[in-house]
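What follows is each chain in one-letter form.
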Amino acid sequence: DGGITQSPKYLFRKEGQNVTLSCEQNLNHDAMYWYRQDPGQGLRLIYYSQIVNDFQKGDIAEGYSVSREKKESFPLTVTSAQKNPTAFYLCASSPGTARTEAFFGQGTRLTVV
Amino acid sequence: AQSVTQLDSQVPVFEEAPVELRCNYSSSVSVYLFWYVQYPNQGLQLLLKYLSGSTLVKGINGFEAEFNKSQTSFHLRKPSVHISDTAEYFCAVSQTSSNTGKLIFGQGTTLQVKP
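Procedures and definitions
- Residues numbered from 1 in each chain as written.
- Chains lettered and ligands numbered in written order.
- Predicted model: local features only at pLDDT ≥ 70, side-chain atom pairs only at ≥ 80, totals over all residues.
- Heavy atoms only, no water.
- Helix = DSSP H or I, 4+ residues; strand = E, 2+ residues; numbered from the N terminus.
- Rg over C-alpha atoms; globule rule 2.2 N^0.38 Å.
- Buried < 20%, exposed > 50% of the residue type's maximum accessible area, 1.4 Å probe, protein only.
- Contact = heavy atoms within 4.5 Å.
- Areas by Shrake-Rupley, 256 points an atom, 1.4 Å probe, with all protein chains shown as cover.
- Lys, Arg positive; Asp, Glu negative; His and termini not counted.
- Charge placed at Lys NZ, Arg CZ, Asp CG, Glu CD.
- Core = buried A, V, L, I, M, F, W, Y, C linked by side-chain atoms within 4.5 Å.
- Pairing = 2+ DSSP bridges.
- Buried area = accessible area lost by both parts, 1.4 Å probe.
- Salt bridge = Lys/Arg side-chain N within 4 Å of Asp/Glu carboxyl O.

## Structural notes on the overall build of chain A
Part 1 of the argument: Within chain A one finds 0 helices and 11 strands.
Part 2 of the argument: Reading chain A from its N end, one meets helices and strands in the order β-β-β-β-β-β-β-β-β-β-β.
Part 3 of the argument: Its C-alpha radius of gyration of 13 Å places chain A within 12% of the 13 Å reference for a compact globule of 113 residues.
Part 4 of the argument: The dimensions of chain A, computed from C-alpha atoms along their principal axes, are 35 × 25 × 25 Å.
Part 5 of the argument: Here chain A holds 113 residues, and 49% of them are scored as buried.
Part 6 of the argument: Expressed as a percentage of contacts within chain A between residues at least 6 apart in sequence, the contacts between residues at least 24 apart total 52%.
Part 7 of the argument: Here chain A displays about 5,400 Å² of accessible surface, and carbon together with sulfur accounts for 47% of that area.

Structural data, given as structure tokens:
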């Protein structure tokens, strides 16, 4: 079954701790993306990567970091520098061209306690 | 820069009634247009997309959308909704000249179908 797997589905973090969200795809897509979703704000791009070992900041990259060591994997770290990390995080992948749609994982809901 | 505005944050409608979810975009360059649906605590699923050609695009689950270049709109319609259509709907654009596949999303519209 081809698709995108995000884990965990729910995550709780104490203030001041870093936490890493996992995203794996087996669609052989070149591009991968991380979006943050907050109520009433739609999806905002955090980081994206078009090829292995390369990634670019999106609109709200502050307080986040990523890596792309393998084509299949694009983990997101929410650092303690992110002031308001509680949100729903969505990972997506696509062939990487403008006319192709993105495929989304099921999301990770992060709550800071 | 592009931006997307979904004109209604919530749309309540009775089952079997028609519905229209409105989307306007702003862009100085040509764009491709997409509608996605999100069920509670799920990821997004593509409903339909406009790339070129006929301005009326048909998608899954009986949805269709019409691209209007002069109005810079891409409204989503369904002639008769079901309870199962209750979800959040997102309009998105990508720049045709982009080689990144990045999407710009609207704020979302929650469709609430009542029995």
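Once the structure has been displayed, the description carries forward.
## A few points about the overall build of chain B
Part 1 of the argument: Summing up its helical and strand segments, chain B has 0 helices and 12 strands in all.
Part 2 of the argument: The C-alpha radius of gyration computed for chain B amounts to 14 Å, which stays within 12% of the reference 13 Å derived for 115 residues, consistent with globular compactness.
Part 3 of the argument: Principal-axis analysis of the C-alpha atoms gives chain B an extent of 45 × 30 × 20 Å.
Part 4 of the argument: Evaluated residue by residue, chain B yields a buried proportion of 43% over its 115 residues.
Part 5 of the argument: Of the contacts formed within chain B by residues at least 6 apart in sequence, a portion of 57% connects residues at least 24 apart.
Part 6 of the argument: For chain B, the accessible area works out to roughly 5,300 Å², and carbon and sulfur atoms hold 49% of it.
Part 7 of the argument: Computed over 8 positive and 8 negative side-chain charges, the separation of the two mean positions in chain B equals 9 Å.

## Brief notes about the nonpolar core
Part 1 of the argument: With 27 residues, the main nonpolar core has Leu33, Trp35, Leu47, Leu48, Phe74, Leu76 and Tyr89 of chain B as its most contacted residues.
Part 2 of the argument: Residues within four places of phenylalanine 74 of chain B in sequence aside, it is in contact with Cys23, Leu33, Phe34, Trp35, Leu48, Lys49, Tyr50, Ala65, Glu66 and Phe67 of chain B.
Part 3 of the argument: One finds Ala31 and Leu43 of chain A together with Leu44 and Phe90 of chain B within the second-largest nonpolar core, a separate group that totals 20 residues.

## Observations concerning the pairing of strand S9 (residues 73–78) of chain B
Note on strand geometry: in a regular strand, side chains alternate between the two faces of the sheet.
Residue and element names in this part refer to chain B.
Part 1 of the argument: Along S9, 5 of the 6 residues are buried, which leaves the element largely enclosed by surrounding structure.
Part 2 of the argument: Looking at chain direction, strand S3 (residues 19–21) and S9 are connected through 3 bridges and run antiparallel. Each residue of the ladder has a partner; that of valine 19, found in S9, is lysine 78.
Part 3 of the argument: In this sheet, S9 lies alongside strand S8 (residues 64–68) in antiparallel orientation, the contact comprising 5 bridges. Counted as the bridge partner of glutamate 66 is histidine 75 from S9.

## Some points on the interface of chain A and chain B
Part 1 of the argument: Contact with chain A, which involves 26 residues of that partner, is made by 25 residues of chain B.
Part 2 of the argument: Roughly 2,000 Å² of surface becomes buried between chain A and chain B when both sides are summed, with 50% attributable to carbon and sulfur atoms.
Part 3 of the argument: The largest contributions to the chain A side of the interface with chain B come from Ala98, Arg99 and Glu101 of chain A, which together make up 29% of the buried area.
Part 4 of the argument: Our enumeration of links across chain A and chain B arrives at 1 salt bridge.
Part 5 of the argument: Those elements giving two or more residues to the side of chain A that touches chain B turn out to be strand S4 (31–37), strand S5 (43–51) and strand S9 (87–94) of chain A.

## Some thoughts on the pairing of strand S3 (residues 19–25) of chain A
Residue and element names in this part refer to chain A.
Part 1 of the argument: Alternating residues of S3 divide into Val19, Leu21, Cys23 and Gln25, all buried, and Thr20, Ser22 and Glu24, none buried.
Part 2 of the argument: Relative to S3, strand S1 (residues 4–7) is paired through 4 bridges, and the arrangement is antiparallel. Within S3, the position partnered with isoleucine 4 by the bridge is glutamine 25.
Part 3 of the argument: Sheet analysis places S3 next to strand S8 (residues 76–78), joined by 3 bridges and oriented antiparallel. Residue threonine 20 lies in a different strand from S8, and its bridge partner there is threonine 77.

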